[in-house]
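Residue-level listing of the chains:
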Amino acid sequence: MISCDRFDFVCRKSYEFLLSIGASSLPINPFEAIRKKHWGLTTYTELCAMVPGNVTVNDIAEACKSRDGFTVYSGGNYCIAYNDTVRVRNRIRFTLMHEAGHIICGHFNGGITDINQYRELESEANLFASNVLAPAAVIKACGLCTPEQLMAACGLSYNAAKVRLEQIMSIKQHPLDSKILKAFESYINICNRRIDIGSADICLDSSAV
Ligand SMILES: [Zn+2]
């Protein structure tokens, strides 16, 4: 469970991240975002080739205790490794922004003391990824209100889109909303025009943002 303070902190960090990479439309490109932050990026397949012997992707996943991805900090820079054999591309997109969340939210700055803290940091990284891939202010302004719309616009899996929609309903206004809306202004206008033309399953009022 994320405390209110940390919830606000992670939302702020995710908006600052979007602004820092110059994001102005959806879907966000996680590969481009990582490139802009100058972090290293590698795949489990590449790691297999680097290790002597007959190492498989499953061996890598087991050794790093993650089927999806992990990040290492060398003291100078971060390097994200992700499992490129995962068939669902949207899962990879989420993993990359989850790892970015660990970096941006400062999770490498202190050791993990217990399982509860570990779970908290995982929740924070998930919240960060959700708010980067489906920024609450933009989703509301575009009137996206079904999991299908969110999947198409943001490149989320159906389940992630469903969870994210419920989360967005409870997210209050944020001081950085106006900056984000300004950055995404053209995209939001195009999105609203499309929804107007395609009629009307609009269920979030953009004036409520
Ligand atoms: Zn994690």
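Just so it is clear, the structure is predicted and the values come from calculations on it, not from any experiment.

Here is what the cut-offs are and how they apply
- Residues numbered from 1 in each chain as written.
- Predicted model: local features only at pLDDT ≥ 70, side-chain atom pairs only at ≥ 80, totals over all residues.
- Heavy atoms only, no water.
- Donors = N, O, S within 2.8 Å, 3.2 Å for Na, K, Ca; no water.
- Tetrahedral: all angles 85-135°; square planar, octahedral: opposite > 155°, others 65-115°.
- Helix = DSSP H or I, 4+ residues; strand = E, 2+ residues; numbered from the N terminus.
- Buried < 20%, exposed > 50% of the residue type's maximum accessible area, 1.4 Å probe, protein only.
- Salt bridge = Lys/Arg side-chain N within 4 Å of Asp/Glu carboxyl O.
- UniProt positions renumbered as here; feature names shortened; annotations may be inferred.
- Expected span 1.5 Å × (residues − 1).
- Core = buried A, V, L, I, M, F, W, Y, C linked by side-chain atoms within 4.5 Å.
- Contact = heavy atoms within 4.5 Å.
- Pairing = 2+ DSSP bridges.
- Axes fitted to C-alpha atoms, helices over the stretch in contact; angles between N-to-C directions.
- Phe/Tyr/Trp six-rings, centres within 6.5 Å; stacked < 30°, edge-to-face > 60°.

Enquirer: Which parts of the structure should I look at to understand the coordination of the zinc ion?
Expert: Where a metal carries four tetrahedral donors, each ideal angle is 109.5 degrees; where it carries six octahedral donors, the ideal angles are 90 or 180 degrees. Within the first shell, the zinc ion binds the protein through His98 (NE2), His102 (NE2), Glu122 (OE) and Glu122 (OE), at distances of 2.1 to 2.6 Å. In this structure, the zinc ion is coordinated by 4 donor atoms arranged in irregular fashion, with angles at the metal of 54 to 129°. Taken in sequence order, the residues that donate to the zinc ion follow the motif H-x3-H-x19-E. Of this pair, histidine 98 sits in helix 5 (residues 89-104) while glutamate 122 sits in helix 6 (residues 115-133); the two residues are 24 residues apart in sequence, bridging distant segments of the chain.

Enquirer: It is not clear to me how unusual backbone geometry should be interpreted in this structure. Could you clarify?
Expert: Across the chain, the bulk of peptide bonds are trans and the bulk of non-glycine residues have phi less than zero. Geometrically, the link from leucine 26 to proline 27 is a cis peptide bond, its omega value of -5° lying close to zero. For proline 27, the position within the fold is in the loop between helix 1 (4-20) and helix 2 (30-36). Its identity as a non-glycine residue notwithstanding, histidine 38 has a phi of 60°, on the positive side. Of note in the backbone geometry, lysine 65 takes a positive phi value of approximately 55° without being a glycine. You can see lysine 65 is positioned in the loop between helix 4 (57-63) and strand 2 (69-73). Since its relative accessible area comes to 76%, lysine 65 is described here as exposed.

Enquirer: Help me understand the pattern of salt bridges in this model?
Expert: Where charged atoms of side chains with opposite charge meet at close range, the side chains can pair. Under the defined criterion, the tally for this structure stands at 6 salt bridges. Across the pair arginine 91 and aspartate 68 runs a salt bridge, and its minimum N-O distance is 2.7 Å. One end of the pair, arginine 91, is in helix 5; the other, aspartate 68, is in the loop between helix 4 and strand 2, with 23 residues separating them in the sequence. Exposure remark for arginine 91: the relative accessible area of 36% places this residue in the partly exposed category. A salt bridge links glutamate 185 to lysine 182, with the shortest nitrogen-to-oxygen separation between them at 3.2 Å. Through salt bridges with shared partners, one network takes in Arg12, Lys13 and Glu16.

Enquirer: Mind showing me how you'd approach the UniProt feature "domain: IrrE N-terminal-like" (unreviewed entry) in the chain here?
Expert: Those residues carrying the UniProt feature "domain: IrrE N-terminal-like" (unreviewed entry) are residues 59-165 in this numbering. Helix makes up 59% of residues 59-165 and strand makes up 9%, while its end C-alpha atoms are separated by 36 Å.

Enquirer: Help me out: how do you make sense of helix 5 in this one?
Expert: Given 3.6 residues per helical turn, the α-helix brings residues three or four places apart onto the same face. Here helix 5 contains 16 residues, and its C-alpha end-to-end distance of 23 Å stays within 8% of the 22 Å for a straight helix at 1.5 Å per residue. Among the 16 residues in helix 5, 12 count as buried, and that is most of the element. All of the buried residues along helix 5 are Ile92, Arg93, Phe94, Thr95, Leu96, Met97, His98, Glu99, Ala100, Gly101, His102 and Ile103.

Enquirer: Is there a simple way to explain the nonpolar core in this structure?
Expert: As a rule of thumb, soluble globular proteins bury nonpolar side chains together. In terms of nonpolar packing, the biggest core is built from 51 residues, with Phe17, Ile28, Met97 and Phe184 touching the most fellow members. Look past the residues within four positions of isoleucine 28 in its chain and what remains in contact with it is Leu18, Ile21, Ala23, Arg93, Val132, Leu133 and Phe184. Membership of the second largest hydrophobic core comes to 8 residues, among which are Leu47, Val57, Ile60 and Phe70.

Enquirer: Sorry, what's going on with the sheet that holds strand 1 (residues 40-43) here?
Expert: Sheet strands pair via backbone hydrogen bonds, and the direction of the pair is either parallel or antiparallel. The mixed open sheet is built from 3 strands, whose spatial order is 1-3-2. Since the sheet does not close on itself, it has two edges, and those belong to strand 1 and strand 2, each with one partner. Within the sheet, the average angular offset between the axes of one strand and its neighbour, ignoring direction, is 20°. The pairing of strand 1 with strand 3 (residues 78-82) spans 4 bridges and is classified as parallel. By the bridge assignment for strand 3, threonine 43 is matched with tyrosine 82. The sheet strands contacting helix 5 are strand 1, strand 2 and strand 3, and the helix crosses strand 3 at an angle near 155°.

Enquirer: Looking at this structure, I do not really get the packing of aromatic side chains. What am I missing?
Expert: Each aromatic ring pair is summarised here by two numbers: the centre-to-centre distance and the angle between the ring planes. A complete count under the given rule lists 6 aromatic pairs for this structure. Between phenylalanine 31 and tyrosine 82, the ring centres sit 5.8 Å apart and the planes meet at 70°, which makes this aromatic pair edge-to-face. Of the two residues, phenylalanine 31 sits in helix 2 while tyrosine 82 sits in strand 3, which places them 51 residues apart along the sequence. Given a relative accessible area of 10%, tyrosine 82 falls into the buried group.

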